[in-house]
Amino acid sequence: MKNLLEEKIRVSYGTAIVLGLIEARQDVAPTTAYLLWDTGCIGSCSFCPRANGNSRTQKLSRIIWPEFSFSRIVSLLSAQPRPFRRVCLQTGFNPEKNETLKEFAGILSNKGLNFSVTLSPSQTKLASELLEMGADHIGIGLDGASPDMYLTHKKKNWETDWPFLLKLIRMHPGKIEVHLIFGLGDSEEQFCQTISEITKIGGQVSLFALTPVNGGTAPNLSGYRRVQIFRYLNEIKSIKFEDFGFHDGKLSQIKLSFEYVLQQLDQGTCFRTSGCGDCNRPYYNERPGQIFYNFPRPLTSEEFKEALETAEIQTSG
Ligand code: SF4
């Protein structure tokens, strides 16, 4: 096998700008360096342009990922002062590549970089191994929040993968970010129920809005704001699922006073990108100029007010 440092790796367009590999202006810079290594991905996620090993496209979600040599990227990432606070190695699903993936992680670890790796729900053993090797966090692409959506969009069996994921979270509390995509077809109630089951045992949730690059429709902003509020109050403020009311699958009420809820939402932090610390994923789900699903920076008070109004959520007084 050729030296890993000679391998090519993709980096997100915004990451490449920060590293000085592309000259362009960006309104919000990423605070995490996003790398993509999905050689030979055998996954067939409905929403992914690179599913089934389609390496013809340079896109993942709506981001372009140009390719560079791994050695060049590693040397830029490990320069002082460090250009990023975290590195996220995003991967495809191919168990035959596990050993190579571990070598990539070993190099990042030896350089003293703070890094996360994204994996599929069935790769829980590899997740534990990578954490032992020095990965700071592991992102797990569950994506669907119910057995039906998991089967429809990931072509995978929830009954097989979900129990192993729960076990992984229990083994590594505070270290596992479960990626969930709102807009695949789960109701708000189902979505929130799954968030609650994850957070109850020490997992964290990284929320995404469906980006319809492969078809489908982006979720309505009102529903997205509601699940953001739920995720924040449930995961960060430990407010229980039972304190929320649902009607026809829609999150319709928080059974707490408006003043209390407002205070807990921390000036709009609830609407910022969720996931590992310093992961802001700018423009991952929306084009520059569009309203952010996930704000990659603090909100202005006007933006917070508008986002709250968009959520159309009732409180108990
Ligand atoms: S939350 Fe962000 S940094 Fe963490 S694994 Fe997911 S994409 Fe990577």
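Residues numbered from 1 in each chain as written. Predicted model: local features only at pLDDT ≥ 70, side-chain atom pairs only at ≥ 80, totals over all residues.

A.B. asks: Quick rundown of the nonpolar core? Include the residues and the values.
C.D. replies: L35, V87, L89, L180 and F182 are the most contacted members of the largest nonpolar core, which totals 82 residues. The element that contributes the greatest number of residues to this core is helix 8 (residues 221-236), accounting for six residues. Excluding residues that lie within four positions of it along the chain, L89 makes contacts with L35, W37, F104, A105, L108, F115 and V117. (Core = buried A, V, L, I, M, F, W, Y, C linked by C-beta atoms within 7 Å. Buried ≥ 20, exposed ≤ 12 C-beta atoms within 10 Å, placed from the backbone. Helix = DSSP H or I, 4+ residues; strand = E, 2+ residues; numbered from the N terminus. Contact = placed C-beta atoms within 7 Å.)

A.B. asks: An account of the site of the ligand is requested, with residue identities and associated values reported.
C.D. replies: Around the ligand, a shell composed of 13 residues is seen, among which C88, G139, G275, C276 and C279 lie nearest. Elements that contribute at least two residues to the shell around the ligand include exactly strand 6 (86-91), strand 7 (115-119), strand 8 (137-143) and strand 9 (176-182). Taken together, the residues of the shell around the ligand break down into three nonpolar, eight polar and two charged. (Near = placed C-beta within 6 Å. Nonpolar A, V, L, I, M, F, W, Y, C, P; charged D, E, K, R; others polar.)

A.B. asks: How would you sum up helix 8? Please name residues and give values.
C.D. replies: Side chains three or four residues apart in an α-helix point the same way, a direct result of the helix having 3.6 residues per turn. The end-to-end C-alpha distance of helix 8, which contains 16 residues, comes to 22 Å, matching closely the 22 Å that a straight helix rising 1.5 Å per residue would cover. Across the 16 residues that make up helix 8, a large majority, 12, are buried. By the burial criterion, the buried members of helix 8 are G223, Y224, R225, R226, V227, Q228, I229, F230, R231, Y232, L233 and N234. Looking one or two residues beyond helix 8, the residue adopting positive phi is S238, at roughly 55°. (Expected span 1.5 Å × (residues − 1).)

A.B. asks: Explain the pairing of strand 11 (residues 244-247) residue by residue, including any values.
C.D. replies: Relative to strand 12 (residues 250-254), strand 11 is paired through four bridges, and the arrangement is antiparallel. When the sheet's bridge partners are listed, F244 is paired in strand 12 with I254. Turn length for the strand 11-strand 12 hairpin, with the two strands adjacent in sequence and antiparallel, is two residues, and the turn residue D248 shows positive phi of about 50°. (Pairing = 2+ DSSP bridges.)

A.B. asks: With reference to specific residues and values, describe the packing of helix 8 against helix 10 (residues 301-311).
C.D. replies: Running from N to C, helix 8 and helix 10 point in directions that differ by 105°, and their axes come no closer than 7 Å. Considered as vectors, helix 8 and helix 10 are oriented roughly perpendicular to each other. Here helix 8 contributes L221, S222, R225, R226 and I229 to the contact with helix 10, which in turn contributes A307, T310 and A311. In terms of residue class, the contact of helix 8 with helix 10 is built from four nonpolar, two polar and two charged. (Axes fitted to C-alpha atoms, helices over the stretch in contact; angles between N-to-C directions. Parallel < 35°, antiparallel > 145°, perpendicular 65-115°, else oblique.)

A.B. asks: Any details on the packing of helix 7 (residues 188-200) against helix 8? Residues and values, ideally.
C.D. replies: Interhelical geometry of helix 7 versus helix 8 gives an angle of 20° and a closest axis separation of 10 Å. Relative to helix 8, the element helix 7 is oriented roughly parallel. Where helix 7 crosses over helix 8, the two elements pack in a sense that is right-handed. Listed contacts from helix 8 to E188, F191, C192, I195, S196 and T199 of helix 7 are G223, R226, V227, F230, R231, N234 and E235. (Left-handed = near helix turned anticlockwise from the far one by under 90°.)

A.B. asks: With reference to specific residues and values, describe the sheet that holds strand 1 (residues 8-11).
C.D. replies: Taken in spatial order, the eight strands line up as 5-1-2-6-7-8-9-10 in an open sheet, and their pairing is mixed. With partners counted over all chains shown, the strands left at the sheet margins are strand 5 (67-69) and strand 10 (204-209), one partner each. This sheet shows a mean twist of 30° between the axes of neighbouring strands, independent of strand direction. Relative to strand 10, strand 9 is paired through six bridges, and the arrangement is parallel. Looking across to strand 10, one finds that I181 is bridged to F208. Running over the sheet, helix 3 (residues 98-110) touches strand 2 (32-37), strand 6 and strand 7 and is turned about 175° from strand 6.

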